[in-house]
Amino acid sequence: MWLPCGCTSKYVASSFARRILASHLHVSGRSRCNVAAFMPEAAGFEGVSGRAALRELSVSNSESFWAAVARHRLSWSIPFHTVQDCDLSRGKIKWFEGGKLNVSVNCLDRHVHTCPERVALIWERDERGSEMKYTYRELLEMTCRVGNLLRRHGVKRGDCVTIYMPTCPLAVASMLACARIGAAHNVVFAGFSADALAERIRDAQSSTVITVNQGVRGGKVIELKKTVDTAVESCPTVKQVFVAMRTDNPVTMTARDIAMEEVREQKEMLKEDVVCEPAVMNSEDVLFLLYTSGSTGKPKGLVHTQAGYLLYAALTHRYVFSYHDGDVFGCVADIGWITGHSYVVYGPLANGATTVLFESTPIYPDPGRYWDMVERLKINQFYGAPTAIRLLLKYGDQWVNKYDRSTLKTLGSVGEPINTEAWEWYHRVVGDGRCPVVDTWWQTETGGICIAPRPSDPDAEIVPGMAMRPFFGIKPVLIDTEVSGELLTSNNTSGALCMAQPWPGMARTIHNNHQRFIETYFQPYPGYFFTGDGAYRSEEGYYQITGRLDDVINVSGHRIGTAEIEDVVCPAVAESAVIGYTHSIKGQGVYAFVVLKKGIDVKEADLSRQLNGMVSEKIAKYASPDFIQFAQRLPKTRSGKIMRRVLRKVVESDLEGLGDLSTLDDPSHKCIKYLQSCFCF
Ligand code: 6R9
């Protein structure tokens, strides 16, 4: 029996069909490997002859695959009766209906039953060397206390709680407490301004906010409670603000505020029981909203639901990083982003891992911070962003070599394309040439990693800078953006990256705006989920992300990815951003912003000539920049992505049309003004 009892589905194969499928997938007796040993979730597929065949089956017979995995991976109160009910042409996505479960029980209680004293969280506090550990038992107790506190203050199933906190154990406990009592959470990155926070609170219609008195990052104190005070002035829905203490400094409390865990005063949390009855949730109830910027309009609150999201986060965490029981998983993302949700909190905790909460910055107090942490905490998998890798590369190898990194087994990259120089440095210097680098492609919308080098085969070939292979159950396709949305079936081709099949981790809607959800993701290429990214599929069938489609430049009829040009320019400079601008003859021209490496003394004109030559040589003459502008720094989002949209506006001299700058990491916009004052036209 490989489907849940009573499971009904339009697509469920009969056992006869399954046997045919299995024999079809069987390659030879010799290549047969023990699929169950590799992936215990797939133990039901005895006939499948290897990992590649299992991946194939996960796509060709995705329902039976996901049903088997969901039954094995998650603890259900009531089993689901329908594996999936999806229709991509209408943006309808439902998984595991009829099933009931609680996400916090899956992340905590079941591990407390088997290994209560295993460390769940290691909080790498901003102050180096002051890390704190929390066992699964302690995290469950903290979660129950917060859950009871919220319930006692009237938070009900279906409410949405906004969390504006730094990456810390209480933030994780707050997320899980929401899940425990059936409330949705809306984590807002603690670097967002009051306006951005207010906009997100209002859109989510939260009546409860959880925050801390102050945050600490890179040695600086951040007045988070003050930001919340300003934000809630324009949020009439907010009835209560819970305030935890990250530092010893008291803050002004108003009638709306409740001291959450202040030991000296109200001890609100300590009054609560450490047992909190979990709500029994439907698979498709909302787990969280997470706001992300679109290319147009205000930020959208992507909605993720319970079972499918958790299952997908857990499975990708296990197989993309080759996570094994007992490993220490170090994802340095902030919990305010999807990477923090899926690979700091939900994926690792669902798998019973020890997960690191990184509160600091890569260069505080010095550029050895990450690697010192790897040595101290004995991290086995390190997962970070190319922007940080590029930054650290500038400081030199000595900051890495100082520390013992022998515990590292896998290095991950996420968030943007990783240029070859950064990839190679990460691999050669950080990983001593022995750790695979997995460049993982995914989005807030996808819930978890969709394309990564080694999703199924831990020995598979890895090409630098390529995300490479689709995960189990993922069916990427490339679609021609110009010829009426034609499917590109051959290799060695580029197109719009779409997904031809639904998977359990995908977002279900945009909060309060299902129409926008449909228009953004399902209408551009009917029948497919459109990622907004472009990709190249190599001769071997590997995927390489070429960047947002809005970043593709068309020069004299030739398409070129800005990332491709940047990749060539990068070894000579610290960082670059290439955008297209309107050119009266060629259609579009290439405009490059570059930041020089520290301490390099070179004439700008000479370097410009050198860079042009390199691009001509590595790609083609047409790709060579028409203008190169030297800058001190580039406008970036707080998560480190270069805001090319802003650069385009600077080049168009359209400072009025800069649009939503709430994610910009430079609130005074100094960097934009500087660029504007010296741009080349
Ligand atoms: C997880 C995350 C999603 C966008 C995505 C793409 C870019 C993410 C990438 C990558 C190239 C990778 N992106 N990973 N581009 N290679 N490995 O970052 O989610 O913040 O929603 O951003 O980031 O453009 O569409 P999110």
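Calculation rules
- Residues numbered from 1 in each chain as written.
- Predicted model: local features only at pLDDT ≥ 70, side-chain atom pairs only at ≥ 80, totals over all residues.
- Heavy atoms only, no water.
- Helix = DSSP H or I, 4+ residues; strand = E, 2+ residues; numbered from the N terminus.
- Buried < 20%, exposed > 50% of the residue type's maximum accessible area, 1.4 Å probe, protein only.
- Polar contact = N/O pair within 3.5 Å; in protein donor to acceptor, adjacent residues only side chain to side chain.
- Contact = heavy atoms within 4.5 Å.
- Phe/Tyr/Trp six-rings, centres within 6.5 Å; stacked < 30°, edge-to-face > 60°.
- Lys NZ or Arg CZ within 6 Å of the ring centre and 35° of its normal.
- Pairing = 2+ DSSP bridges.
- Salt bridge = Lys/Arg side-chain N within 4 Å of Asp/Glu carboxyl O.
- Near = heavy atom within 4 Å.
- Nonpolar A, V, L, I, M, F, W, Y, C, P; charged D, E, K, R; others polar.
- 1 Å grid on protein atoms, 1.4 Å probe; cavity = no way out; pocket = protein on both sides within 12 Å on 5 of 7 lines; lining within 4 Å.
- Points joined across faces, edges and corners; volume = space filled by probe spheres on them.

- If you check an unreviewed UniProt entry, the protein appears there as Acetyl-coenzyme A synthetase from Oreochromis niloticus.

**Here's the deal with the side chain of Thr247**
Turning to step 1, where the next piece is worked out: The topology assignment puts Thr247 in the loop between strand 11 (240–244) and strand 12 (257–259).
Turning to step 2, where the next piece is worked out: With a relative accessible area of 13%, Thr247 lands in the buried category.
Turning to step 3, where the next piece is worked out: Of the polar contacts made by the side chain of Thr247, one reaches the side chain of Asn213; its length is 3.0 Å.
Turning to step 4, where the next piece is worked out: In terms of polar contacts, Thr247 uses its side chain to reach the side chain of Gln214, at 2.6 Å.
Turning to step 5, where the next piece is worked out: When neighbours within four sequence positions are excluded, Thr247 is seen to be in contact with Asn213, Gln214 and Val216.

**Section: the packing of aromatic side chains**
Turning to step 1, where the next piece is worked out: If you walk through the whole model with that rule in mind, you get 34 aromatic pairs.
Turning to step 2, where the next piece is worked out: With a centroid separation of 6.2 Å and 70° between ring planes, the pair formed by Tyr319 and Phe472 is classed as edge-to-face. Placement of Tyr319 in helix 10 (residues 306–320) and of Phe472 in the loop between strand 22 (469–470) and strand 23 (476–479) is noted, with a sequence separation of 153 residues between them. Assigned by exposure class, Tyr319 and Phe472 land together as buried.
Turning to step 3, where the next piece is worked out: Feature note: the residues Phe38, Phe65, Trp66, Tyr312, Tyr319, Phe471 and Phe472 constitute an aromatic cluster, connected by ring pairs.
Turning to step 4, where the next piece is worked out: In this structure, Arg51 is placed above the aromatic ring of Phe38, and the distance from its NZ or CZ to the ring centre is 4.4 Å.
Turning to step 5, where the next piece is worked out: It is Arg125 that lies over the ring of Trp123; its NZ or CZ is 5.2 Å from the centre.

**Notes on the sheet that holds strand 27 (residues 529–537)**
Turning to step 1, where the next piece is worked out: In space, the five strands of this open sheet follow the order 24-23-25-27-28, with antiparallel pairing throughout. If you trace the sheet from one side to the other, it starts and ends with strand 24 (487–488) and strand 28 (543–548), each paired once.
Turning to step 2, where the next piece is worked out: Sheet topology note: the strand 23/strand 24 ladder contains two bridges and is antiparallel. Bridge pairing in strand 24 places Leu478 opposite Leu488.

**Thoughts on helix 15 (residues 420–430)**
Turning to step 1, where the next piece is worked out: Among all positions in helix 15, only Ala422, Trp423, Trp425, Tyr426, Val429 and Val430 are buried.
Turning to step 2, where the next piece is worked out: Where helix 15 ends, the next residue or the one after it, Asp432, has phi of about 50°, a positive value.

**Here's the deal with the pairing of strand 25 (residues 493–499)**
Turning to step 1, where the next piece is worked out: For strand 25, the tally of buried residues reaches six of seven residues, placing the bulk of the element in the interior.
Turning to step 2, where the next piece is worked out: Looking at chain direction, strand 23 and strand 25 are connected through four bridges and run antiparallel. Of the residues in strand 25, the one forming a bridge with Ile479 is Ala496.
Turning to step 3, where the next piece is worked out: Inspection of the sheet shows strand 25 paired to strand 27 by six bridges, in the antiparallel sense.

**A closer look at unusual backbone geometry**
Turning to step 1, where the next piece is worked out: Look at the link from Tyr364 to Pro365: it is a cis peptide, with omega at -5°.
Turning to step 2, where the next piece is worked out: Tracing the backbone shows Pro365 in the loop between strand 17 (354–358) and helix 12 (369–377).
Turning to step 3, where the next piece is worked out: A positive phi angle, near 75°, is found at Met468, a position not held by glycine.
Turning to step 4, where the next piece is worked out: Within the secondary structure, Met468 is located in the loop between strand 21 (451–452) and strand 22.
Turning to step 5, where the next piece is worked out: For Met468, a relative accessible area of 0% corresponds to the buried category.
Turning to step 6, where the next piece is worked out: Of note in the backbone geometry, Asn512 takes a positive phi value of approximately 65° without being a glycine.
Turning to step 7, where the next piece is worked out: Residue Asn512 is classed as exposed on the basis of its relative accessible area, which comes to 57%.

**A word on the environment of Gly99**
Turning to step 1, where the next piece is worked out: Here Gly99 shows up in the loop between strand 2 (95–97) and strand 3 (100–101).
Turning to step 2, where the next piece is worked out: What makes Gly99 buried here is its relative accessible area of 1%.
Turning to step 3, where the next piece is worked out: With 254 residues separating them in the primary sequence, Gly99 and Ala353 have C-alpha atoms 25 Å apart.
Turning to step 4, where the next piece is worked out: Every residue in contact with Gly99, bar those within four places of it in the chain, is listed here: Trp76, Ile78, Pro79, Phe80, His81, Met281, Asn282 and Ser283.

**A closer look at the pattern of salt bridges**
Turning to step 1, where the next piece is worked out: On inspection of all chains with the given rule, the structure shows 31 salt bridges.
Turning to step 2, where the next piece is worked out: One network of salt bridges, with partners in common, ties together Glu124, Arg128, Glu131, Asp366, Arg369, Asp372 and Arg376.

**Quick look at the site of the ligand**
Turning to step 1, where the next piece is worked out: The environment of the ligand is formed by 16 residues, the closest being Asp439, Thr440, Gln443, Thr444 and Asp533.
Turning to step 2, where the next piece is worked out: Between Thr440 and the ligand, the recorded distance is 2.7 Å, taken from a backbone N or O atom to a nitrogen atom.
Turning to step 3, where the next piece is worked out: Between the ligand and Lys641 there is a distance of 3.1 Å, counted from an oxygen atom to a side-chain nitrogen or oxygen.
Turning to step 4, where the next piece is worked out: Taken together, the residues that form the shell around the ligand break down as six nonpolar, five polar and five charged.

**Considerations on the layout of surface pockets**
Turning to step 1, where the next piece is worked out: Roughly 390 Å³ of volume is contained in the second largest pocket.
Turning to step 2, where the next piece is worked out: Its residues placed into classes, the lining of the second largest pocket shows twelve nonpolar, no polar and four charged.

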